[in-house]
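Each chain, written out:
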Amino acid sequence: FTFHPACPQYGQRPVRFDSASADEKYAVPIVEGEPVVDRKSTFKAYLATGVDSDEKVQWARRNILGRKNVAKATHNMLAYRFVDGDGISHADNDDDGEDGAGAKMAYVLSVLNADNCLVIVARWYGGIKLGPDRFKHIAKCTQRILEANGVGRRNN
């Protein structure tokens with residue numbers, strides 16, 4: 001299966017999924033965060049928990065991108081971290097055309113020590129450029145959904 005983004009003109013690329021991404025044995029819980037709206041742009045986070053394999057990453061990503069409203073987003077930035085059954089840490093991120101956004105989300109996951117989770121922040125562009133404020137919203141959506149669901153912890 002290939003997900004074809006709604007807004008390739010903004011740097012989105014198609015995402016290819018293997019057959020495991022549709023296999024319910026890799027299903028994980030997914031929750032939605034509260035939207036943040038600024039100058040007609042809307043940001044909303046989606047959190048998958050219990051992610052401990054690449055197959056679960058793919059299942060969660062496909063499930064979230066398959067939601068009609070998310071599929072129409074201008075950008076769907078992603079970051080995840082998990083420790084597999086062998087104790088090996090895995091992490092990755094994707095900007096989806098919003099340069100640097102995935103790395104900012106990955107940083108939030110790292111700071112909060114959030115493991116075995118995947119976060120996608122969808123952005124629906126409202127026609128007004130936000131400059132660096134967009135990164136604040138992306139990071140804040142990521143942090144809020146993790147904290148609201150008890151994922152991760154800060155080292156003090």
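Scroll up to find the structure.
Remember, predicted model here, so these are calculated numbers, not experimental data.

Novice: Tell me about the packing of helix H3 (residues 101-111) against helix H4 (residues 133-148), residues and numbers included.
Specialist: One can describe the packing of H3 onto H4 by two numbers: an axis separation of 9 Å at closest approach and a directional angle of 35°. The element H3 and its partner H4 pack so that their crossing is right-handed. Between H3, through Ala101, Lys104, Met105, Val108 and Leu109, and H4, the contact on the second element is made entirely by Phe135, Ile138, Ala139, Thr142, Gln143 and Leu146. Considered class by class, the residues forming the contact of H3 with H4 number eight nonpolar, two polar and one charged.

Novice: Outline the side chain of aspartate 94, supporting the account with residue identities and numerical values.
Specialist: As for its placement among the helices and strands, aspartate 94 is situated in strand E7 (residues 89-94). By relative accessible area, aspartate 94 is classed as buried at 13%. Of note is the side chain of aspartate 94, whose polar atom sits 3.0 Å from the side chain of arginine 13. Of the polar contacts made by the side chain of aspartate 94, one reaches the backbone nitrogen of aspartate 96; its length is 3.1 Å.

Novice: Break down H3 for me, citing the residues and quoting the values.
Specialist: Along H3, the residues that are buried comprise Ala101, Gly102, Met105, Val108 and Leu109. Taken around the axis of H3, the buried residues stretch over an arc of 120°, which confines them to a single face. The inward-facing, buried residues of H3 abut strand E6 (75-83), E7, strand E8 (117-124) and H4. After H3 finishes, the residue asparagine 113 shows a positive phi value of roughly 50°.

Novice: Explain the pairing of strand E5 (residues 41-49) to me, and be specific about the residues and the numbers.
Specialist: With seven of nine residues buried, E5 lies mostly within the body of the structure. Looking at chain direction, strand E4 (residues 36-38) and E5 are connected through three bridges and run antiparallel. Residue pairing in the sheet places valine 37 in a bridge with threonine 42 of E5. Where E4 folds back on E5, the antiparallel hairpin that results is connected by two residues, among which arginine 39 adopts a positive phi of roughly 45°. The sheet contact formed by E5 and E8 spans eight bridges and is antiparallel. Bridged to lysine 44 within E8 is alanine 122.

Novice: Account for the packing of aromatic side chains, naming residues and giving values.
Specialist: Think of a pair of aromatic rings as described by two things: how far the centres are apart, and how the planes are tilted against each other in angle. Tallied over the entire structure, the rule returns three aromatic pairs. For the pair tyrosine 80 and phenylalanine 82, a centre-to-centre distance of 6.0 Å together with 20° between the ring planes defines the contact as stacked. Of the residues examined, phenylalanine 82 reaches a relative accessible area of 2% and is grouped as buried. Of note, lysine 104 hangs over the ring of phenylalanine 135, and the distance from its end group to the ring centre comes to 5.7 Å.

Novice: Tell me what's going on with unusual backbone geometry, and back it up with residues and numbers.
Specialist: One non-glycine residue, aspartate 96, adopts positive backbone phi at about 50°. You can see aspartate 96 is positioned in the loop between E7 and H3. Judged by its relative accessible area of 6%, aspartate 96 is buried. One non-glycine residue with positive phi stands out, namely asparagine 116, at about 55°. Turning to its location among the elements, asparagine 116 is positioned in the loop between H3 and E8.

Reading the values: the criteria
Residues numbered from 1 in each chain as written. Predicted model: local features only at pLDDT ≥ 70, side-chain atom pairs only at ≥ 80, totals over all residues. Heavy atoms only, no water. Axes fitted to C-alpha atoms, helices over the stretch in contact; angles between N-to-C directions. Helix = DSSP H or I, 4+ residues; strand = E, 2+ residues; numbered from the N terminus. Left-handed = near helix turned anticlockwise from the far one by under 90°. Contact = heavy atoms within 4.5 Å. Nonpolar A, V, L, I, M, F, W, Y, C, P; charged D, E, K, R; others polar. Buried < 20%, exposed > 50% of the residue type's maximum accessible area, 1.4 Å probe, protein only. Polar contact = N/O pair within 3.5 Å; in protein donor to acceptor, adjacent residues only side chain to side chain. Arc of directions from axis to C-beta. Pairing = 2+ DSSP bridges. Phe/Tyr/Trp six-rings, centres within 6.5 Å; stacked < 30°, edge-to-face > 60°. Lys NZ or Arg CZ within 6 Å of the ring centre and 35° of its normal.

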